[in-house]
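# A look at the structure
Now for the letters of each chain:
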Amino acid sequence: MQSEAHGHGQFVTGLKIQARVLGAMIMREVVSRYGRENIGFLWLLLEPMILTGGVMLMWTLLKHEAHGLTLVAFVLSGYMPLTLWRHVTGHAVSCLRQNLPLMYHRQIRLPDALISRGLLEVGGTTAALVVVYTIVRLAGFMEPYKDMGLLLAGWLFMAWFSFSVGLIFAAASERFEFVEKLVQPMQYLMLPISGMFFMVAWLPSGAQKLALYVPLVHCFEMFRAGVFGDTVKVYYDVGYLLKSCLFTTAIGLYLVNLARHHVKFE
């Protein structure tokens, strides 16, 4: 009994230390990236807000077809998860070499650098989502979301899958220099099949089956199910998403472990 209590105490202490390490690394990342002057950390919120607002305005002016859905809500439900995907995966590249000097601290490991950067991106993009939604909702441009649980699940699955793919990008960019240059083009090439511009129900049956092989599509469908509720027909598989995230995370962590021998200080 005493040994169990001792083990539990050690576990809690370890969690507290890990939380302090991640908190300190997040603050370091904020200061090094955004500085202490001008708007600083606010840019993490403003960037996705400005881009999402610009896309909403452009689609509205062009009278883009949204299959009877509120255009602003459709853009928000597409572009904000896409921003989360792009930010988390894009900023994972070169993260390991940039944080290599911190590895001299006993409590810090390579995955900590990736986790802290991922948390920063997820936190900033989530805050931007809340602000943008609040503004357009108060302005009367869209109806209230229908299911907070599905909306949150779709958002968190997008964050998890983005982080796991980011692990692979981070490890691969340390082994092969060309990977860093391919990440952004790959993100653009993923746009047509990601699920941002369409819903699976709009596709022919054959295309639907192909689209559902892409984990991102399930994230978008789940998120939009939370936004639109029963007014839309959605296709997503939680089991498939869970397996995809677990498999990709395992591969990513394995590759990061291998990459630690190849990381060079930038």
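Cut-offs applied
- Residues numbered from 1 in each chain as written.
- Predicted model: local features only at pLDDT ≥ 70, side-chain atom pairs only at ≥ 80, totals over all residues.
- Heavy atoms only, no water.
- Helix = DSSP H or I, 4+ residues; strand = E, 2+ residues; numbered from the N terminus.
- Expected span 1.5 Å × (residues − 1).
- Buried < 20%, exposed > 50% of the residue type's maximum accessible area, 1.4 Å probe, protein only.
- pLDDT = per-residue confidence, 0-100.
- Contact = heavy atoms within 4.5 Å.
- Disulfide = S-S within 2.5 Å.

### What about helix 3 (residues 71-92)?
Between the first and last C-alpha of helix 3 there are 32 Å, a value that for 22 residues agrees with the 32 Å anticipated at 1.5 Å per step. By the criterion of burial, helix 3 is predominantly enclosed, with 19 of the 22 residues buried. Two residues or fewer after helix 3 comes S94, characterised by a positive phi angle close to 65°.

### Here's the deal with the confidence of the model for the protein
Looking at the protein, pLDDT values average 81 and 77% of them are 70 or higher. By mean pLDDT, the top-scoring element of the protein is helix 9 (residues 215-228) (95), and the lowest-scoring one is helix 1 (residues 2-34) (66).

### Some points on the environment of R137
Looking at where R137 falls in the secondary structure, it is placed in helix 5 (residues 110-138). Taking relative accessible area as the criterion, R137 reaches 31% and is therefore assigned partly exposed. Sequence-wise, R137 and A73 are 64 residues apart; in three dimensions their C-alpha atoms are separated by 9.4 Å. Those residues in contact with R137 that lie beyond four places of it in its chain are M142, E143 and P144.

### Notes on the side chain of S194
When you line up the elements, S194 lands in helix 7 (residues 178-194). Since its relative accessible area comes to 1%, S194 is described here as buried.

### A word on the state of the cysteines
What we call a disulfide is simply a covalent bond connecting the sulfur atoms of a pair of cysteines. One pass over the structure, following the stated rule, counts zero disulfides. Residue C219 stays outside any disulfide, its sulfur separated by 6.2 Å from that of C245, the closest cysteine. Residue C245 is classed as buried on the basis of its relative accessible area of 0%.

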